Amino acid sequence: MRSDLLTRVTPVFRNNFNAPDLVLNETMTAKDVEGWDSFAHINLIMALEDTFNVRFETSELGQIGCVGDLLTLLESKGV
Amino acid sequence: MSATLDPISSGRQAVTGLIEEVAKTNPVHAKKLERFLMALGDDYFEFAGPFIHRIETYLTARGHTLEFAVKCYLNMIADVTMEHVRFLRSGRYTSTSFAEVNERVYGNPKVMSYYMHGLLLSQVLWAHHYKMLRFFHSGLEKRAAGIKHYMEVGGGHGMFLADALGMVKGGETFTMVDISPASLEMAQEFVPHDPRTAFKLADVFAYEHGEKMDFITMGEVMEHVEDPVALLARLRTFLKDDGRVFITTPTNAPAIDHIFLFTSAEHIRQVIHAAGYDIEEELGIWSEEMPPEQLEKNKVTLLYGAFLKPRLS
Ligand SMILES: C[S@@+](CC[C@H](N)C(=O)[O-])C[C@H]1O[C@@H](n2cnc3c(N)ncnc32)[C@H](O)[C@@H]1O
């Protein structure tokens, strides 16, 4: 379930951006999360890949606009 | 549209327009651009306005728009992001041989076209590229008097050559050598038409040139070859004894066509010295802002540039 996935992704974000109280929602973009820029993004991608045991493709990496996009991407990989 | 704006404001407007276009597809990357570029001084915006206008003029002549160039740029960014993930996992670049990269990139018009258009935009969108371009301008200006024969190796989009044409007033020949047909085609369009220019499709290791050069520019090529010492030594054969070379190359910079991994500025200096050059002037620019000890730990890219003179033995 989608909201379930959001819950599972949240700790990865909290860890990666050092924000223990971060509350995620689907429409959040890089603008809304402090420190989420392209450098931290690489670490986020790696953490998501490791946590959910998936690998992203190049074409997928350029199209992540908001948290919801990430969830959709993870879902498409069977997460 | 911005005829009444002063150069700084209209430059700021042009840069903001590009960042907004980037944000439509890749807001994460746009955020970084905004943070870096908006912190630069007025001189940057004064430069950026006409520079973006130049790119736009070139694009229009080829039936393209700035949006097209931004798309190309974002393709390049997606490649770099992917390569970066792989690099942090393996500690190596994904390509190891020239043959592989020649097929995957230089000889692939589709890839090379978006790559060179993207790289052209990066000259104004990456603070470290902009600062290096400025270093090149000021260094070339100081050395321009007396340059008759000028060469650029791996000129790609042609932007450095275009600038050199304007700066080296006494220049008689300007030769660009590049192994990629797509690069040469683009450079021939981008560089103002001038009878003193010549564009040569060749691998620099196989290229021969009669006239010795006063100055050779080679931006971001050393990381593209298997043996950068041999590459610099090759340039020496084109160079007069009192000639000068300008090079740039990055450390820890995963990309689809990077082969040779420089791990530090010192590593680059060693290669320069081993090839028989002394460093006249150098500049290193980190591509991220963080405390010094974290830069190395995180394998952040350092863009290194230097003016070299051959060591006379
Ligand atoms: C990353 S681009 C650099 C473009 C530009 N000089 C700059 O600094 O932005 C590298 C260029 O070097 C060319 N190149 C790579 N290996 C080469 C070789 N062995 N001989 C000639 N050109 C080469 C590529 O085709 C490409 O156009």
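If you're wondering where the values come from, they're calculated on a predicted model, not measured in any experiment.

### Here's the deal with the sheet that holds strand 4 (residues 213–219) of chain B
Residue and element names in this part refer to chain B.
Next up, step 1: The strand order across the open sheet built from 7 strands is 3-2-1-4-5-7-6, with neighbouring strands paired in mixed fashion. Pairing within the sheet leaves two strands with one partner each, and these edge strands are strand 3 (197–201) and strand 6 (277–286). Each strand of the sheet is rotated relative to its neighbour by a mean of 15°, with strand direction disregarded.
Next up, step 2: Bridging between strand 2 (residues 173–178) and strand 3 involves 5 bridges; their strand directions are parallel. Across the sheet, residue Thr175 finds its bridge partner in strand 3, namely Ala198.
Next up, step 3: Across the sheet, helix 8 (residues 159–167) is in contact with strand 1 (149–153), strand 2, strand 3 and strand 5 (239–250); its angle to strand 1 comes to roughly 165°.
Next up, step 4: This element, helix 9 (residues 181–190), spans strand 2 and strand 3 of the sheet and lies at about 165° to strand 3.

### Focus on the nonpolar core
Next up, step 1: By size, the foremost hydrophobic cluster in this structure holds 74 residues, and its most contacted members are Tyr44, Tyr73, Leu121, Val124, Leu125, Leu140 and Tyr150 of chain B.
Next up, step 2: Per-element accounting of this core gives the leading share, 10 residues, to helix 6 (residues 109–125) of chain B.
Next up, step 3: The contact partners of Leu121 of chain B, leaving out residues within four places of it in the chain, are Leu18, Ile55, Ala69, Val70 and Tyr73 of chain B.
Next up, step 4: Within the second largest apolar cluster, 31 residues are counted, among which are Ala30, Val33, Leu44 and Phe52 of chain A.

### Concerning the interface of chain B and chain A
Next up, step 1: Counting residues at the interface gives 20 residues for chain B and 25 residues for chain A.
Next up, step 2: Among the residues chain B hides against chain A, the three largest losses belong to Val28, Lys31 and Arg89 of chain B. Together they make up 34% of the total.
Next up, step 3: Seen at the junction of chain B and chain A, the total is 3 salt bridges.
Next up, step 4: At the boundary of chain B and chain A, one finds 6 residue pairs in polar contact (both at pLDDT 80 or more).
Next up, step 5: The set of elements that each furnish at least two residues to the side of chain B that touches chain A consists of helix 2 (27–37) and helix 4 (66–90) of chain B.
Next up, step 6: Here the side of chain B that touches chain A is composed, by residue class, of 8 nonpolar, 6 polar and 6 charged.

### Let's talk about the site of the ligand
Residue and element names in this part refer to chain B.
Next up, step 1: The full set close to the ligand counts 22 residues, and Gly154, His157, Asp178, Ser183 and Gly219 are the nearest of them.
Next up, step 2: Between the ligand and the protein, one listed contact pairs a nitrogen atom with a backbone N or O atom of Ile179 at 3.2 Å.
Next up, step 3: Between the ligand and the protein, one listed contact pairs a nitrogen atom with a side-chain N or O atom of Asp203 at 3.0 Å.
Next up, step 4: Compared with its free state, where it exposes 600 Å², the ligand has 99% of that area covered by protein.
Next up, step 5: Considering only residue class, the shell around the ligand consists of 9 nonpolar, 9 polar and 4 charged.
Next up, step 6: Counting residues domain by domain, the shell around the ligand receives three or more from each of domain 1 (7–125) and domain 2 (127–310).

### A word on the packing of helix 6 of chain B against helix 7 (residues 127–143) of chain B
Residues and elements named next belong to chain B.
Next up, step 1: Across the interface, helix 6 lies against helix 7 with an axial gap of 6 Å and an inter-helix angle of 80°. Of the possible angle classes, the one that applies to helix 6 and helix 7 is roughly perpendicular. Of the residues in helix 7, those touching helix 6 at Leu119, Ser122, Gln123 and Leu125 are Ala127, His129 and Tyr130.

### Observations regarding the packing of aromatic side chains
Residues and elements named next belong to chain B.
Next up, step 1: Scanning the entire structure with this criterion turns up 20 aromatic pairs over all chains.
Next up, step 2: Between the aromatic rings of Tyr44 and Tyr130, the centroid separation amounts to 4.9 Å while the plane-to-plane angle is 75°, which identifies the pairing as edge-to-face. Of this pair, Tyr44 sits in helix 3 (residues 42–61) while Tyr130 is found in helix 7, placing the two residues 86 residues apart along the sequence. Each member of the pair, Tyr44 as well as Tyr130, is classed as buried.
Next up, step 3: Here a set of aromatic residues connected by ring pairs shows up, and it is made of Phe135, Phe136, Tyr150, Phe160, Phe174, Phe215, Phe246 and Phe307.
Next up, step 4: Note that Lys32 overlies the ring of Phe36, its terminal NZ or CZ placed 5.2 Å from the centroid.

### Points about the confidence of the model for chain B
Next up, step 1: Averaged over every residue, the pLDDT of chain B is 95; residues scoring 70 or more account for 99%.
Next up, step 2: Interface confidence for the predicted complex, given as ipTM, is 0.89, next to a pTM of 0.95.

### A short note on the domain arrangement of chain B
Residues and elements named next belong to chain B.
Next up, step 1: Looking at chain B, the domain boundaries give domain 1 (7–125) and domain 2 (127–310).
Next up, step 2: Of note, the centres of domain 1 and domain 2, computed from C-alpha atoms alone, are 19 Å apart.
Next up, step 3: In total, about 3800 Å² of surface goes out of reach between domain 1 and domain 2, with carbon and sulfur atoms giving 63% of it.
Next up, step 4: For domain 1, the biggest contributors to the area lost against domain 2 are Tyr93, Tyr106 and Gln123; these three give 20% of the whole.
Next up, step 5: Counting the contacts that link domain 1 with domain 2 gives 3 salt bridges.
Next up, step 6: Notably, a salt bridge pairs Arg62 with Glu185, separated by 2.6 Å at the nearest N-O pair.

What counts and how
Residues numbered from 1 in each chain as written. Chains lettered and ligands numbered in written order. Predicted model: local features only at pLDDT ≥ 70, side-chain atom pairs only at ≥ 80, totals over all residues. Heavy atoms only, no water. Pairing = 2+ DSSP bridges. Helix = DSSP H or I, 4+ residues; strand = E, 2+ residues; numbered from the N terminus. Axes fitted to C-alpha atoms, helices over the stretch in contact; angles between N-to-C directions. Contact = heavy atoms within 4.5 Å. Core = buried A, V, L, I, M, F, W, Y, C linked by side-chain atoms within 4.5 Å. Buried < 20%, exposed > 50% of the residue type's maximum accessible area, 1.4 Å probe, protein only. Buried area = accessible area lost by both parts, 1.4 Å probe. Salt bridge = Lys/Arg side-chain N within 4 Å of Asp/Glu carboxyl O. Polar contact = N/O pair within 3.5 Å; in protein donor to acceptor, adjacent residues only side chain to side chain. Nonpolar A, V, L, I, M, F, W, Y, C, P; charged D, E, K, R; others polar. Near = heavy atom within 4 Å. Areas by Shrake-Rupley, 256 points an atom, 1.4 Å probe, with all protein chains shown as cover. Domains from an automatic or database assignment. Parallel < 35°, antiparallel > 145°, perpendicular 65-115°, else oblique. Phe/Tyr/Trp six-rings, centres within 6.5 Å; stacked < 30°, edge-to-face > 60°. Lys NZ or Arg CZ within 6 Å of the ring centre and 35° of its normal. pLDDT = per-residue confidence, 0-100.

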